[in-house]
Amino acid sequence: MKRHFVSTAVASFLVTGLAAGSAMAADAIDEIPAAPAAEIAPVFTWTGFYAGLGGGPTWANGDFDVFSEDMNGGLITGFVGYNWQLDNNFVFGIEGDISYNWDKSDVGPFEVGLETAGSVRARLGYAIDRALIYGAAGWTGAQVHIDGPAGDDRDTLSGWTIGAGVDYAFTNNVFGRLEYRYNDYGSADLLGLDGDIDQHVVMIGVGYKF
């Protein structure tokens with residue numbers, strides 16, 4: 001009888017210990033903190049509206065009936081546009097800008113120069129992460145003037161433009177730009193003189209993508 005009592009007590013102690021151990025193990029498992037969910041960084045895209053400002057040196061030339069003159073200077077410009085980025089990283093866009101030029105030169109007693117200009121261009125580029133390498137072409141126009149003792153005259157020109165550049169996104173919204181452009185403004189008629197005006201531009205700019 002005594003032996004049976006001891007055996008029963010030992011068995012009860014073991015069962016109680018195992019149950020307690022299982023409960024403690026379960027509690028320990030429950031207390032292990034869950035691993036934080038991994039955050040997936042958003043993929044940058046060039047799609048969307050943007051606007052910006054830029055400026056840089058310019059080299060213009062006026063080839064008239066009786067003279068040919070370089071009109072070097074600079075410009076400041078504002079631009080707006082929209083890009084569409086495809087799954088294969090090609091980017092299509094359209095952009096418009098308005099500029100003010102300081103391309104001027106003296107030809108004897110006369111001053112010849114470019115003033116306000118603008119363009120509308122189609123763009124095609126390829127995105128490499130945050131860099132967008134592009135080419136652009138379209139319509140451009142400008143005002144040209146000649147001032148002197150024989151009178152003043154102005155003409156509004158219409159021509160074409162082509163260029164290439166790179167945009168680089170420093171943040172998801174702010175990007176920088178470096179661009180070269182060639183503008184052929186077409187023919188001008190100033191004080192009875194016919195001439196062709198063209199221009200080379202190197203521009204540095206900064207933009208904001210909405």
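Note that the structure is predicted; figures quoted are calculated from it, not measured.

1. Here's the deal with a negative patch on the surface
Judged by side-chain charge, D63, D65, D189, D194 and D196 come together as a negatively charged surface patch. Inspection of the secondary structure puts D65 in the loop between strand 1 (48-64) and strand 2 (68-85).

2. With respect to unusual backbone geometry
You will see that N89, though not glycine, has its phi angle at about 75 degrees, which is positive. Take N89: it is sitting in the loop between strand 2 and strand 3 (90-101). Relative accessible area serves as the criterion here: at 29%, N89 is assigned to the partly exposed category. You will see that L191, though not glycine, has its phi angle at about 55 degrees, which is positive. As for its position among the elements, L191 is in the loop between strand 8 (174-190) and strand 9 (193-209).

3. Thoughts on the pattern of salt bridges
Per the stated rule, a full pass over the model turns up 10 salt bridges. Ionic pairing is found between E95 and R123, a salt bridge with its closest N-O pair at 3.9 Å. With E95 in strand 3 and R123 in strand 5 (residues 110-128), this pair connects stretches of sequence that are 28 residues apart. Using a relative accessible area of 2% as the deciding quantity, one classes E95 as buried. Of the residues examined, R123 reaches a relative accessible area of 5% and is grouped as buried. R177 is the salt-bridge partner of E95, the closest N and O atoms lying 2.9 Å from each other. Remark: R177 occurs in strand 8 and E95 occurs in strand 3; sequence separation between them is 82 residues. Across the pair, exposure class does not vary: E95 and R177 are buried alike.

4. With respect to the nonpolar core
Core analysis: the biggest nonpolar cluster contains 16 residues, and V112, L114, V144, Y185 and I197 have the highest contact counts within it. For this core, the secondary-structure elements that each account for two or more residues are strand 1, strand 5, strand 6 (131-148) and strand 8. In this structure V112 touches F64, F67, M71, D103, K104, S105, V107, H145 and I146, once residues within four positions along its chain are discounted.

5. Considering the confidence of the model for the protein chain
Scored by pLDDT, the protein chain comes out at a mean of 86, with 80% of its residues at no less than 70. No element of the protein chain has a lower mean pLDDT than helix 1 (residues 2-31), which averages 48, and none a higher one than strand 3, which averages 98.

6. Focus on the packing of aromatic side chains
On inspection of all chains with the given rule, the structure shows 12 aromatic pairs. Plain terms: the ring middles of F44 and W46 are 5.2 Å apart, the flat faces sit at 85 degrees to each other, and that makes the pair edge-to-face. Taking the relative accessible area as the measure of exposure, F44 reaches 13% and is therefore buried. Here W46 falls in the buried class, since its relative accessible area comes to 2%. For the pair Y50 and F175, a centre-to-centre distance of 5.8 Å together with 80 degrees between the ring planes defines the contact as edge-to-face. Placement of Y50 in strand 1 and of F175 in strand 8 is noted, with a sequence separation of 125 residues between them.

7. Some words on the environment of G135
By secondary structure assignment, the location of G135 is in strand 6. Once residues within four sequence positions are removed from consideration, G135 is found in contact with A122, R123, L124, G163 and A164.

8. Some remarks on the environment of G78
Within the secondary structure layout, G78 lies in strand 2. G78 gets classed as partly exposed once you look at its relative accessible area, which sits at 26%. Between the alpha carbons of G78 and G96 there is a distance of 8.6 Å; along the sequence they are 18 residues apart. Residues contacting G78, with those up to four places away along its chain left out, are G52, L53, G96, D97 and I98.

Reading guide: rules and limits
Residues numbered from 1 in each chain as written. Predicted model: local features only at pLDDT ≥ 70, side-chain atom pairs only at ≥ 80, totals over all residues. Heavy atoms only, no water. Patch = residues over 30% accessible without salt bridge, like charges linked within 9 Å, V, L, I, M, F, W, Y side chains within 5 Å. Areas by Shrake-Rupley, 256 points an atom, 1.4 Å probe, with all protein chains shown as cover. Salt bridge = Lys/Arg side-chain N within 4 Å of Asp/Glu carboxyl O. Lys, Arg positive; Asp, Glu negative; His and termini not counted. Charge placed at Lys NZ, Arg CZ, Asp CG, Glu CD. Helix = DSSP H or I, 4+ residues; strand = E, 2+ residues; numbered from the N terminus. Buried < 20%, exposed > 50% of the residue type's maximum accessible area, 1.4 Å probe, protein only. Core = buried A, V, L, I, M, F, W, Y, C linked by side-chain atoms within 4.5 Å. Contact = heavy atoms within 4.5 Å. pLDDT = per-residue confidence, 0-100. Phe/Tyr/Trp six-rings, centres within 6.5 Å; stacked < 30°, edge-to-face > 60°.

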